[in-house]
Every structure is written in C-alpha cells, then in structure tokens.
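Each chain, written out:
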Amino acid sequence: MMVTAAGDARPPEGALFGVDVEYDGRCARLALQGELDLATVGALADQLREVWSRDVQGIEIDLRDLTFIGSSGVAALLEANSRARDRGCALTLVRGTAAIHRIFELTGIESQFDFRPGSARRDAPSARGRLRIVS
C-alpha cells in the first residue's frame, strides 16, 4: 500500500484501488476508485478505522469511480453502515455506475443504505487536507 498526497482522481496505472479521504469539520468523505474486492478491501477498512477515530457525525462514501465491487467490498460497506447506525452517525453512499448499483439491487440490500445521486463525473476536489491511499 502506498500513501501519497492527493492528486489525480484515478488510481495510478497498475493500481487496483484508491481512496481519497477529505474531512470537513466532523464529516468525512471517502471517494473510492478502481476495484473494491478481497485484495483491496483492507485499504478501505484502514481508512474507515481512521474515520471512526475522529468522532465524525457524517460519512459520505462516493462510489462513482468504482469499476468493480466484490462481496468483501459489499460486506465492508454493510459493516460501515451498521457501525454508523450504532453511533448515531449519518452514512450516505453516492451512487456509482449502473453496474455498481446493480450489485446492491441484486443482493437485496439497496434499502439498507441512504443513497444520493451523483453526477456522472466527479468534480476535481481541492487537495487540501486529503490523503490518497493506493494499494
């Protein structure tokens, strides 16, 4: 796993997964890129542990730049959602592509999440206060 300053919104060539983390007061935004599966879910879990250590009130997880999500990625999101509810924290998922969202529909878990629509393309956020985790 490599940690670099935030830059391009896509993982570097050859990387399977990236996550940009931004904090705004007591809210955290995690923008996921690439493939979230058994091989890469640890990077997301590490970032979620860091988020929980900051006593956040809101978490947004942006799925728009995911190209694949496997069962372990879905499980990690379900766990984050459960933990958020237990803590009274709002967790919102920004809808990914139709193929990514279809996983939530097919597994019957779509109703367990608060989704918000996202534009087809993310605006390039400011690099201030962001970390980029790539594995």
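Each remark here, short or long, concerns the structure printed above.
Before going into details, it helps to say that this report is about the structure given with it. Counting restarts for each chain: residues are numbered from 1 in the order of the written sequence. For a predicted model such as this one, the threshold for reporting local features is a pLDDT of at least 70, and the threshold for listing and counting side-chain atom pairs is 80 or more; totals across whole chains, interfaces and linings nevertheless cover every residue. As a convention, hydrogens and water are excluded, and side-chain values are obtained from all of the structure's heavy atoms.

Any Lys or Arg side-chain nitrogen located within 4 Å of an Asp or Glu carboxyl oxygen qualifies as a salt bridge. Using the criterion set out here, one finds nine salt bridges in the structure. Close ionic contact of Asp62 with Arg29 constitutes a salt bridge, the shortest N to O distance being 2.5 Å. Pair noted here: Asp62 is in strand β4 (residues 58-69) and Arg29 is in strand β3 (residues 27-36), with a separation of 33 residues, a long-range link. The two residues Asp62 and Arg29 agree in class, both being buried. One salt bridge connects Arg116 with Glu60, and the closest N-O pair in it is separated by 2.9 Å. Put simply, DSSP marks the helices as runs of H or I at least four residues long and the strands as runs of E at least two long, and each gets a number from the N terminus on. Relative accessibility decides the category of a residue: with a 1.4 Å probe and only protein chains considered, values under 20% of the type maximum give buried, values over 50% give exposed, and everything between is partly exposed.

A few words on the packing of aromatic side chains. Only the six-membered ring of Trp is used, alongside the rings of Phe and Tyr, when aromatic pairs are assigned; centres must lie within 6.5 Å, and planes under 30 degrees apart are stacked while those over 60 apart are edge-to-face, with the rest tilted. Under the counting rule described, the total for this entry stands at three aromatic pairs. Between the aromatic rings of Phe104 and Phe113, the centroid separation amounts to 5.5 Å while the plane-to-plane angle is 85 degrees, which identifies the pairing as edge-to-face. Of the two residues examined, Phe104 and Phe113, each falls in the buried class. An aromatic cluster is present here, built from Phe104, Phe113 and Phe115 joined pairwise through their rings. Our definition puts a charge over a ring when NZ of Lys or CZ of Arg is within 6 Å of the ring centre and also within 35 degrees of the ring normal. The lysine or arginine in question, Arg54, covers the ring of Tyr23, its NZ or CZ lying 3.9 Å from the ring centre.

It is worth spelling out the side chain of Thr40 at this point. Its place among the elements puts Thr40 in the loop between β3 and α1 (41-53). At 3.0 Å, the side chain of Thr40 forms a polar contact with the backbone nitrogen of Asp37. For the purposes of these results, a polar contact is taken to be a pair of N or O atoms within 3.5 Å, where, inside protein, one atom must be able to donate a hydrogen and its partner to accept one; residues adjacent in sequence count only when each atom of the pair is a side-chain atom.

A large share of strand β5 (residues 90-94) lies buried, amounting to four of its five residues. Each pair of strands is called paired provided DSSP finds at least two bridges between the two strands. Pairing analysis gives five bridges linking β4 to β5, with the strands arranged parallel. Note that in β5 the partner of Glu60 across the bridge is Thr92. Bridging between β5 and strand β6 (residues 114-116) involves three bridges; their strand directions are parallel. Along β6, the bridge assignment pairs Leu93 with Phe115. As for the winding sense of the linkage, the β-α-β connection from β5 through helix α3 (residues 98-106) to β6 is right-handed. With the strands pointing away from the viewer, any crossover whose connection runs clockwise from the first strand over the helix to the second is right-handed.

Let us look at the pairing of strand β2 (residues 17-24). Counting buried positions along β2 yields six of eight residues, so the element is predominantly enclosed. Turn length for the β2-β3 hairpin, with the two strands adjacent in sequence and antiparallel, is two residues, and the turn residue Gly25 shows positive phi of about 65 degrees.

For the rest of this paragraph, the subject is unusual backbone geometry. Located in the positive-phi region is Asp55, a residue other than glycine, with phi close to 55 degrees. Along the chain, the position of Asp55 falls in the loop between α1 and β4.

Right, let's get into helix α2 (residues 71-87). Along its 17 residues, α2 runs 24 Å from first to last C-alpha, staying within 8% of the 24 Å computed at 1.5 Å per residue. If you check which residues of α2 are buried, you get Ser72, Gly73, Val74, Ala76, Leu77, Ala80, Asn81 and Ala84. Any two residues whose heavy atoms approach within 4.5 Å at even a single point are treated as in contact. Buried residues belonging to α2 abut β3, α1, β4, β5 and α3. Directly after α2, the chain includes Gly88, whose backbone phi takes a positive value near 70 degrees. One less than the number of residues in a helix, times 1.5 Å, gives the span that helix is expected to have.

Taken by themselves, the reported measurements are silent on function.
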